[in-house]
Every structure is written in structure tokens, then in C-alpha cells.
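Residues per chain, in single letters:
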Amino acid sequence: MEHLVLSFHLLYAIALLVLTSLGLAIVFGMMRVVNFAHGEFLMIGGYTLVLCVQAGLNIWLAMFVIAPLVVGLVGYALERLIIRHLYGRMLDTILATWGVSLALIGLATWAFGFQQRGVVSPLGSFTLGGHRDSWYSVLIIGVAIVLVAATWWVLRRTRIGLLARGTMQSAPMAEALGMNTSRVYAWTFAAGAAVSGLAGAVMAPLTGAVPTIGTAYVTRAFITVITGGANAITGTVVASTLFGTLSEAVTRWATPVAGHVALLVAAIVLLRLMPSGITGRFFRRSL
């Protein structure tokens, strides 16, 4: 039974990394855009859920529909107003999205203050091996699995995914074939933002919403995505599994701080050995 408990907590740790990283992986892995406002997309998703529930809307509607739509629209506007002028200029993109991040934090602080807002977890708890765990944790694991599978299906099996992958691989060739690459870039960035908004909404009942909540996620998300490499889905899943396992093991053996340190050290070692990331060395034919 103890092994079952450990396996459950390990799956939960991996699911959290996948949720916080997948939206960034779509933007960075496919578009090569370093989005420092990724944490704030998560924050907006969390606030959207909290405000909708406080307004009397159904929590599942707010979580799975409204929050992704709101953050997706924010991402679309950001791409049209700022990002589209900076493709191929990585340093400028970093500075611009960092400025957007600071602006969004300031706006959220002005609107809501630093007081944490939250909602009650919608599901109860159960006992596993003498430990009490939340059914909501099971939901998070399920959402992570479904989200990865849905992203893979869209990119691999649909015309939209084919257009997106073709544009990212060779924009000049895509334009020569008559594709509107500017629109593809905009909707791909919006899709990555929407996934981040969904992740922020899913985690809001556990973490609450506060203007600086994004900073708690963004470092680990960047470490996971960069170490995973260029293949967005495979890289995110493999890196999340590796880092989630390592972090959970060290946390149980020592402290949560030691778990974070171990994750960072492992990322440094892996990038030193594999500068192009895990999928740059392995899984090259994966998505």
C-alpha cells in the first residue's frame, strides 16, 4: 500500500509540472518565443476562475471554458500588438515579455491587492494507505493526461495542427504554398496561452490567486521546457517525469527546498551533457 501512495504522489508531482509547462512548451518549443509572461497567463487563469465562481457561475464552466478563452484572447492580443514584431529577435522578445509580465503583475495588484483569493476545492477526500488525499488531486492527474493527449491529437491528426507544424518548420515554404503564416503564428500563440490559462484555473482551488503567483511556476516551467528540447509534447512529458520523480524523491528524503535545488542541479547537468535538450538527443522523430 505504501508503494501505491508513493506512486500516486509521484503522478501528482509529474502532472503539476506538465500542466504548468505545456502552454510554454507550445510557444517556445514550436515558435521559439521566450515568453516571460507565462507565469502571468497562469495567474490570469486563476483569477478568472475565482472571479467567475464569486459571481455565481459554475466552477467547471469557469475552469474548462471561460478561463482558457479569456487567457487565449489575452495571448492573441499580445501576439498581435507586440510579439509579431519581434520574431527572430530573442533578446528583444525576452525584454518585451518581461515588461508585459511586470505590467500584468502591477495591474493585478492595483485591481485586487495582495490579499490571496481562492475557492473551495470542489471535490472531497479519500483515504489511501492511512493517508488522506483529495479527489481533486486525481482530477489534476486526469486533466494533465487528457490535455497532453488532446494537444498531440490536434497537432498530429488535424489540418490545423498540420498547418501549424508546417509553418514552424519552414515559414517561407508555407507562404509560398499560400498559407497566412501571420495568422498561424497568432493562433498558435493564443492556443499556448489558453492552455496556460486552463492550467492556472485548474490549480487555483489549491493555490489561490495572488498577483505574484506566476513567479512560483515560471522558473520550473522554463527549466522543464528548455531541458525537454524542441519537441514540445514529448520533451515536456519526459522532462516532467524526470524532474517530478527527482523532486518528489528528494523532498521526501529531505525538504521541499532540497527538492527544488535537486531539480535545478539536474537541469544544469542535463543541459551541459545535452545542449539541445533531451529530445535533441533522443526522441528526434517525436512531436
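Residues numbered from 1 in each chain as written. Predicted model: local features only at pLDDT ≥ 70, side-chain atom pairs only at ≥ 80, totals over all residues. Heavy atoms only, no water.

**Student:** Whenever I open this one, the packing of helix H9 (residues 215-228) against helix H11 (residues 256-273) confuses me. Can you help?
**Tutor:** In the contact formed by H9 and H11, the axes pass within 10 Å of each other and the chain directions differ by 25 degrees. One element, H9, and the other, H11, form an angle in the roughly parallel class. Between H9 and H11 lies a crossing of left-handed hand. Residues Arg220, Ile223, Ile226 and Thr227 of H9 pack against His260, Leu263, Leu264, Ala267, Leu270 and Leu271 of H11. Partitioned by chemical class, the residues of the contact of H9 with H11 number seven nonpolar, two polar and one charged. (Axes fitted to C-alpha atoms, helices over the stretch in contact; angles between N-to-C directions. Helix = DSSP H or I, 4+ residues; strand = E, 2+ residues; numbered from the N terminus. Parallel < 35°, antiparallel > 145°, perpendicular 65-115°, else oblique. Left-handed = near helix turned anticlockwise from the far one by under 90°. Contact = heavy atoms within 4.5 Å. Nonpolar A, V, L, I, M, F, W, Y, C, P; charged D, E, K, R; others polar.)

**Student:** Just checking my understanding: could you explain the packing of helix H3 (residues 59-81) against helix H8 (residues 181-207) for this structure?
**Tutor:** Angle between the axes and distance between the axes are the two parameters that describe a pair of packed helices. At a closest axis distance of 6 Å, the pairing of H3 and H8 adopts a crossing angle of 140 degrees. Here H8 runs oblique to H3, going by the angle between their axes. Regarding H3 and H8, the two cross each other, and that crossing is right-handed. For the contact of H3 with H8, the per-class residue count stands at 18 nonpolar, four polar and two charged.

**Student:** Mind showing me how you'd approach the environment of Thr167 here?
**Tutor:** Relative to the elements of secondary structure, Thr167 occurs in helix H6 (residues 159-169). Between the alpha carbons of Thr167 and Tyr185 there is a distance of 8.0 Å; along the sequence they are 18 residues apart. Here the side chain of Thr167 touches Leu163 through a polar contact of 2.8 Å, landing on its backbone oxygen. (Polar contact = N/O pair within 3.5 Å; in protein donor to acceptor, adjacent residues only side chain to side chain.)

**Student:** What should I look at first to understand the packing of aromatic side chains in this one?
**Tutor:** We describe a pair of aromatic rings using the distance from one ring centre to the other and the angle between the two ring planes. Applying the stated criterion across every chain yields a total of six aromatic pairs. An angle of 15 degrees between the planes, with centres 4.3 Å apart, marks the rings of Tyr47 and Phe112 as stacked. Of this pair, Tyr47 sits in helix H2 (residues 38-54) while Phe112 sits in helix H4 (residues 90-112); the two residues are 65 residues apart in sequence, bridging distant segments of the chain. Given a relative accessible area of 3%, Tyr47 falls into the buried group. Ring plane angle 10 degrees and centroid distance 6.1 Å describe the contact between Trp60 and Phe64, whose orientation is recorded as stacked. (Phe/Tyr/Trp six-rings, centres within 6.5 Å; stacked < 30°, edge-to-face > 60°. Buried < 20%, exposed > 50% of the residue type's maximum accessible area, 1.4 Å probe, protein only.)

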